[in-house]
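Residues per chain are reported as follows:
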Amino acid sequence: MINDVIDLKNKNAKLVMDLIRFRGDLTKKDIAEQTGLSITTVSTICADLKGLGIISEQRLSNPRVGRIPSCISFQYASFYVIGIDLQISNVLGLAISNLHNEVLVSETIDSTQMQSAQSTADFAKQWVDRQCRTHGFDAAKVVGIGISVPAIFDRTDGCLISCPIQRFNGVNLRQIFTERFRVPIYVDNASNFKAISIHTVSKVSDIVCLDISQGAGVGIICNDALLRGKNGYGAEIAHVPIGNAKLRCPSCGAYGCVEAELQLEHILQHYPYYDARKNADAQWKNFVEYVRNNLSEFHVLLDRIGYLLGSLTSILVNLFDPSLFLITGYIADLFPQLEPAFNDQVQKRCSLSLAKGLTFQVEQYHSKSIYEGICDTIYDNWSPLDRSSPQ
């Protein structure tokens, strides 16, 4: 009974916070009307949140008739989220954001010398501590940490599955980072974080976010909920067998997996100056420029990638019937060159959805969208009146 009351109180508090998170012009009466909660309940919740420094009240300068009301504001700048981007081999992205999804400080680091998950976590801890000292961030106000990975996060044992970055494959990153940071840790595929970010901004209920970078991943929002499945394997597309039947997948050992052809390192092997020992991010940028300057040399490759991308997109569209389909990741840099072959497949195979107004968007790889998705994920899981949560 007590737990039920606590859960209800947390649920109501979250209703209030969701409403005011990106607004600062609502009174308690406004909040009550828009949430369906009673004025008494809203007043009690606001008192609790104010006592924890989560909200503030400010008297209106031009009050309405009667008692002078106060505007309720969410103190988003007082709480922090750590974003860690491990999506690309030998590249470590780090950021500290507030709960308005605003990145306060970020850095992209060559992680070639970090040979293990433990050394990566140690470096991240030192970086966060240094930024907190430099910028005056209160480490006690860190609500949580989100880690973006090019892999499946197994919800049963916390390990990464089918990760193309071998030092993270089969590793329980959440446990390793929890030992160092002692705050809630959320590990997820980069495409899931991006899908969450898009959903928060667009408010579209059905979204497919296809991310082709270190590997092939997809985040799917169905009826405003992220699709995960029982074990976290929901919407796993890396091993859909539409690829080259003679190409062995480095992750599962089978042949024909679509990721084997679409992943960053396989495509980079067509670059005359590719060096597997060097930073993939920098080499990809050089490769894209080289392709654009030598299109005739890459006609066959670009048609093949466009075909695969269009075929995979068609499968996802016909399975999930989205309103919005986003293609993102490093592959977006070459999309203008892939588009003819891509469109040929999509127009043939997705005619029903296209006729109903399916929208496609292409977005170049940006860590910002991952960090925004991390912020939204951690905010959604934050129980503000739970005394065990950071306050």
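Since the model is a prediction, treat every value here as computed from it, not as a measurement. (Residues numbered from 1 in each chain as written. Predicted model: local features only at pLDDT ≥ 70, side-chain atom pairs only at ≥ 80, totals over all residues. Heavy atoms only, no water.)

Bringing the pattern of salt bridges into the picture now. Counted according to the given criterion, the structure contains 15 salt bridges. Close ionic contact of K348 with D344 constitutes a salt bridge, the shortest N to O distance being 3.3 Å. A residue pair is termed a helical-turn pair when its members lie 3 or 4 positions apart in one helix, as K348 and D344 do in helix α11 (residues 335–349) at four residues. Judged by its relative accessible area of 57%, K348 falls in the exposed class. Residue D344 is classed as partly exposed on the basis of its relative accessible area of 35%. (Salt bridge = Lys/Arg side-chain N within 4 Å of Asp/Glu carboxyl O. Helix = DSSP H or I, 4+ residues; strand = E, 2+ residues; numbered from the N terminus. Buried < 20%, exposed > 50% of the residue type's maximum accessible area, 1.4 Å probe, protein only.)

Bringing the sheet that holds strand β3 (residues 80–85) into the picture now. Taken together, five strands build an open sheet; the order of strands is β5-β4-β3-β6-β9 and the sheet is mixed. Two strands close off the open sheet at either side, each with one partner strand: β5 (103–110) and β9 (185–189). Adjacent strand axes in the sheet meet at a mean angle of 15°, parallel and antiparallel pairs treated alike. With seven bridges connecting them, strand β4 (residues 91–98) and β5 associate as antiparallel partners. The partner of A95 across the bridge, within β5, is S106. (Pairing = 2+ DSSP bridges. Axes fitted to C-alpha atoms, helices over the stretch in contact; angles between N-to-C directions.)

Evaluated as defined, the whole model comprises 15 aromatic pairs. For the ring pair F287 and F298, a centre distance of 5.8 Å and an interplane angle of 85° mean the geometry is edge-to-face. Taken together, the residues span a long stretch of sequence, with F287 in helix α9 (residues 280–293) and F298 in the loop between α9 and α10 (299–320) at a distance of eleven residues. Across the pair, F298 and F287 agree in class, each one buried. (Phe/Tyr/Trp six-rings, centres within 6.5 Å; stacked < 30°, edge-to-face > 60°.)

Another aspect to go through is the sheet that holds strand β11 (residues 216–222). In spatial order, the strands read β12-β11-β10-β13-β14; together these five strands make up an open sheet with mixed pairing. The outermost strands of the open sheet, each flanked by one partner alone, are β12 (225–226) and β14 (359–364). Relative to strand β13 (residues 324–329), strand β10 (residues 207–212) runs parallel, the two sharing five bridges. Residue pairing across strands places L210 opposite I327, the latter belonging to β13. Taken strand by strand, helix α6 (residues 190–202) contacts β10, β11, β12 and β13, and its axis lies near 35° from that of β11. Its contacts with the sheet put α10 on β10, β11, β13 and β14, and the angle it makes with β10 is roughly 155°. (Contact = heavy atoms within 4.5 Å.)

The topology assignment puts P241 in the loop between β12 and α7 (258–262). What makes P241 exposed here is its relative accessible area of 64%. Here the alpha-carbon distance between P241 and I327, two residues 86 residues apart in the chain, equals 20 Å.

Which parts of space are left empty comes out when a probe the size of a water molecule is rolled across the atoms. Summed over all chains, the structure comprises two cavities of 30 Å³ or more. If you go around the largest cavity, you meet 19 residues; those closest to its centre are D188, N189, N192, G232 and G234. Secondary-structure elements contributing two or more residues to the lining of the largest cavity are β7 (152–153), β9, α6 and β11. Of the residues forming the lining of the largest cavity, the biggest block, three residues, is contributed by β9. Across the lining of the largest cavity, the residue classes break down as nine nonpolar, six polar and four charged. Considered as a void within the structure, the second largest cavity measures approximately 130 Å³ in volume. Lining the second largest cavity are 18 residues, with P150, A151, N189, A216 and G217 positioned closest to its centre. (1 Å grid on protein atoms, 1.4 Å probe; cavity = no way out; pocket = protein on both sides within 12 Å on 5 of 7 lines; lining within 4 Å. Points joined across faces, edges and corners; volume = space filled by probe spheres on them. Nonpolar A, V, L, I, M, F, W, Y, C, P; charged D, E, K, R; others polar.)

By themselves, these observations are geometric and do not establish any function.
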